[in-house]
Each structure stands twice: as structure tokens, then as C-alpha cells.
Amino acid sequence: MKQVESAEDISTLAFGFMASKALFAALHIDVFGALALGTKTAKELAAATKIPTHRMETLVTALVSVGLLARDGDLIANGPASEQYLVRDGADYFGDYLRFQIDRQMYPFMEHLDQVLVGETDGVDFASYADWMADKGQAEMFSRSQHSGSLGPGAVLAKRLALSDDATSLLDVGGGSGAFSIMFCKRFPNLHATVLDFPNVIEVGQRFVAEAGLEDRIDFLAADGMAANWPENQDVVLMSYLLSGVPGDAIPNLCAEAYRVLKPNGSIAVHDFMVGDDRSGPPLAALWQLQHMVYTPDGFGLTPGYIQSTLKAAGFEVTESRDLIPGMTKVVIGRKS
Ligand SMILES: C[S@@+](CC[C@H](N)C(=O)[O-])C[C@H]1O[C@@H](n2cnc3c(N)ncnc32)[C@H](O)[C@@H]1O
């Protein structure tokens, strides 16, 4: 990682939240969607989004300065990544994940980071996932936006996972909206999935599964995965973003439970924010781990080495360990030997 060497570098870090907010503000008023219909002047964009022109000019200048938009004279256009990922209804759109989960939930949570770090909990909204997901509105917003963030990685993992046609059962622990299960079931026609999560989350997942027309292949189990006996006879157990959201000392038990419920030769996939074993980055994985601390104060900052050794201790043979979302998440895959 490039060292921070100048006052300007420090300022870029310190004021980075302003760039995040410029992106979120643009998403909320759908600047990228308006520009997908054709280049516009700031005045035309202001009219299309019902924002006063001078404010739109300031927002557009900020977005051009960080590379999200391009300016040619008076005409403004989406930059290439904005056009691909930030235009609503586009195939690769994940703007709802950013504007709801990140801007409306994670961003305000981060205000409590310094308190949680020193062990003060006064005024901290949620002390764990269980606590947080017990709030229906929060669970709805979180899970709907997580869906938009997880369909892409779910498709990538489904493509990379070497499952035989005999595999018929997947247990998706902490499976949220069911995004990974949906993508796995689309890729493997014999697969049936069970998504285990908290009740308010499951309500959201059931809607997405119905929309995908997979009600007959994806079931839901409302339970706390740390307390429940998981259903047995599984070909695959998936834990995607679960282990970063539980107290670190619960992880060995969860891996042992996965081993117990798998058939012989069954597969486990652990997908999560993971830094490298040398703990020097990558930055987005490291920062996500820091962010999780606010609602999982006893969580561990995961590394592939830690996951591999915990899986081995539970009895698994580790078969693969690789990046999934480059610079952010990794997946460790094992087999019950
Ligand atoms: C970041 S979301 C990921 C959802 C899904 N696995 C995905 O990758 O899209 C983490 C999920 O884990 C669930 N979760 C956290 N702790 C849990 C527990 N103890 N039991 C069941 N679900 C849990 C949360 O409710 C949430 O839906």
C-alpha cells in the first residue's frame, strides 16, 4: 500500500467522506439515471432531478472531480463505471446497496466507532446483528439493499464452485435475502437451498425468492444460527458475511456445526471480508472489518489463514482459498473428509 507521505495525502483520507456523500446524494436523486438517457448541461440535469441549478452545478463539479462524471465543455456524461453500475435497473446496478445500506445505515453507525472502541455503549443503536435485525424497518432496509450488493458476488461464486450434479442440498447460514441461494439454484438445477436467518430478514428473503420463481427450491428457517441445531444431510454449507458479524469466539463452534450437518465429502464455503495473512490490507477489507466493530464489538478481523486453520481444526480439508470481490472479500472452500 502506498504510504501516506504528505499533508495532502492525509487530507484526501480525512475528507474522503465528502466524496462518499457526493456519490450517495447523486444516487438518491438519480443523477446517473438521468444522464443514462443522454448527456446534459447542469441546468438540464437540475430540471430533470428537480434540484436548483446552482446546487446541481456544485454537486456535478464534485462528481466530475472524483471521476464519477465526465465533463466536455458544458455537457455532463456518466463516467464508464457510473454508467455500468449506478444506473437504476441496469444489469450490474448496485446503487441501492450503496444508498440504503451504506448511506442510511453504515454511515451513521460509524459515528459510534470511537465510543465502541473504548467500550462505551451509551447511545449505540445496536449491539449485535440479532439486536439490529429485531427492528423490522432496519432488517427490511438492510436486507433489500444487501440483495442488490450480493447478487453479483453470488453469481461469481456459483460459477466458480465445482459442485457435482449429485449435490441437492445447500444450507445458507445467515443467508439474508437469499441472493447467494438464488444464484446457486439458478446455476445448479438439482439444488435445493435452506436459508437460515432471523425472522424479519426471512420475510424479505421470501419475497425475493418468489420474484425469482424459486419458492419450490428455496426454503427458509427462522433461527439464530449460533443457538440452533442446523438441519442435517447437507451437500453444501455456505456462510457468506456471517463470521465477520458474530463474536470471534463463536467461529470454531459454527465451523464444527457445519461439519456435523454435512454429508461425507460435502463442501463448505466461507465468504467474507478478509485481510491478507500479513494484515497489511487490502484497505477496503480492513475498513469493512473496522466498520463491523460498531455492531459486532467482539468480532474478529478475519484472515484466510485463520479461516483455514479453524476449518482444519473442525475436520475439513481446505481445497481452495481465493479473492471473490477483489480487494474486499475472499472465499475459503473446504471438504468434509
Ligand atoms: C451481511 S448479511 C449477508 C447476507 C447473505 N449471506 C449475503 O451474503 O448476501 C449478514 C447476514 O447474517 C445474518 N446473521 C448474523 N448473525 C446471525 C445469526 N446469529 N444467526 C442467523 N443469521 C445471522 C444477518 O441477519 C444478515 O442477514
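Residues numbered from 1 in each chain as written. Predicted model: local features only at pLDDT ≥ 70, side-chain atom pairs only at ≥ 80, totals over all residues.

Now for the overall build of the chain. The secondary structure content of the chain amounts to 15 helices and nine strands. Against the globule reference of 20 Å for 337 residues, the chain gives a C-alpha radius of gyration of 21 Å, in line with a compact fold. Taken along its principal axes, the extent of the C-alpha atoms in the chain is 65 × 45 × 35 Å. Counting the 337 residues in the chain, one finds 38% classified as buried. Of all intrachain contacts in the chain linking residues separated by at least 6 positions in sequence, the fraction that spans at least 24 positions is 67%. (Helix = DSSP H or I, 4+ residues; strand = E, 2+ residues; numbered from the N terminus. Rg over C-alpha atoms; globule rule 2.2 N^0.38 Å. Buried ≥ 20, exposed ≤ 12 C-beta atoms within 10 Å, placed from the backbone. Contact = placed C-beta atoms within 7 Å.)

This part covers the sheet that holds strand E6 (residues 234-240). What the seven strands build is an open sheet, ordered E5-E4-E3-E6-E7-E9-E8; its pairing is mixed. In this open sheet, the two edge strands, each paired with only one partner strand, are strand E5 (218-222) and strand E8 (316-323). Averaged over neighbouring strand pairs, the angle between their axes works out to 20° when direction is ignored. Alignment of strand E4 (residues 192-197) against E5, held across five bridges, turns out to be parallel. Bridge assignment links Asp 197 to a residue of E5, and that residue is Ala 222. (Pairing = 2+ DSSP bridges. Axes fitted to C-alpha atoms, helices over the stretch in contact; angles between N-to-C directions.)

Formed by 60 residues in total, the largest nonpolar core has its most connected members in Val 237 and Ile 268. Considering every element that reaches this core, the biggest residue donor is helix H11 (residues 179-187), with six residues. Apart from the residues lying within four places of it in its own chain, the contact partners of Ile 268 are Val 237, Ala 258, Leu 262, Leu 311, Phe 316, Ile 333 and Gly 334. If you look at the next biggest cluster of nonpolar residues, it comprises 23 residues, including Ala 22, Leu 35, Ile 76 and Tyr 97. (Core = buried A, V, L, I, M, F, W, Y, C linked by C-beta atoms within 7 Å.)

Before going further, it helps to spend a moment on the domain arrangement of the chain. Structurally, the chain comprises domain 1 (7-88) and domain 2 (97-336). Here the C-alpha centre of domain 2 lies 32 Å away from the C-alpha centre of domain 1. (Domains from an automatic or database assignment.)

This paragraph deals with the site of the ligand. Close contacts around the ligand come from 23 residues, with Ser 150, Gly 174, Gly 176, Gly 225 and Ser 240 the closest. Listed by contribution, the elements that provide at least two residues to the shell around the ligand are helix H9 (129-133), helix H10 (136-160), H11 and E4. By residue class, the composition of the shell around the ligand is twelve nonpolar, nine polar and two charged. (Near = placed C-beta within 6 Å. Nonpolar A, V, L, I, M, F, W, Y, C, P; charged D, E, K, R; others polar.)

Here the bond from Gly 281 into Pro 282 is cis, since omega is 0°, no more than 30 degrees from zero. Position of Pro 282 relative to the elements: it lies in the loop between strand E7 (262-273) and helix H14 (283-292). The backbone of Asn 233 sits at a positive phi, close to 65°, despite the residue not being glycine. Among the secondary structure elements, Asn 233 is positioned in the loop between E5 and E6. The backbone phi angle of Tyr 241 is positive, close to 60°, even though this residue is not glycine. Within the fold, Tyr 241 resides in the loop between E6 and helix H13 (251-261).

For the rest of this paragraph, the subject is the pairing of strand E9 (residues 329-336). The element E9 is extensively covered by neighbouring structure, given that seven of its eight residues are classed as buried. Bridge count between E7 and E9: seven bridges; the pairing is antiparallel. Residue pairing in the sheet places Phe 273 in a bridge with Thr 329 of E9. With seven bridges connecting them, E8 and E9 associate as antiparallel partners. Bridge pairing in E9 places Glu 317 opposite Arg 335. Hairpin geometry of E8 and E9 is characterised by an intervening segment of five residues between the two adjacent antiparallel strands and by a positive phi of about 80° at Gly 327.

At their nearest, the axes of helix H4 (residues 42-49) and helix H5 (residues 53-65) sit 9 Å apart, and the two run at 110° to each other. Between H4 and H5, the interaxial angle falls into the category roughly perpendicular. Remark: the crossing between H4 and H5 carries right-handed chirality. In this structure, H4 contributes Ala 42, Lys 43, Leu 45, Ala 46 and Thr 49 to the contact, and H5 contributes Thr 53, Met 56, Glu 57 and Val 60. Partitioned by chemical class, the residues of the contact of H4 with H5 number five nonpolar, two polar and two charged. (Parallel < 35°, antiparallel > 145°, perpendicular 65-115°, else oblique. Left-handed = near helix turned anticlockwise from the far one by under 90°.)

Bringing the environment of Pro 108 into the picture now. Of note, Pro 108 is situated in helix H7 (residues 95-109). In this structure the C-alpha to C-alpha distance between Pro 108 and Asp 125, which are 17 residues apart in sequence, comes to 9.9 Å.

Close contact between H7 and H10 brings their axes to 7 Å; oriented N to C, the two are set at 140°. The angle between the axes of H7 and H10 places the two elements in the oblique class. The handedness of the crossing between H7 and H10 is left-handed. Note on element contacts: H10 touches H7 through Gln 138, Met 141, Phe 142, Arg 144, Ser 145, Gln 146, Ser 148 and Gly 149, opposite Asp 96, Tyr 97, Phe 100, Gln 101, Arg 104 and Gln 105. A breakdown of the residues in the contact of H7 with H10 according to their chemical character gives four nonpolar, seven polar and three charged.

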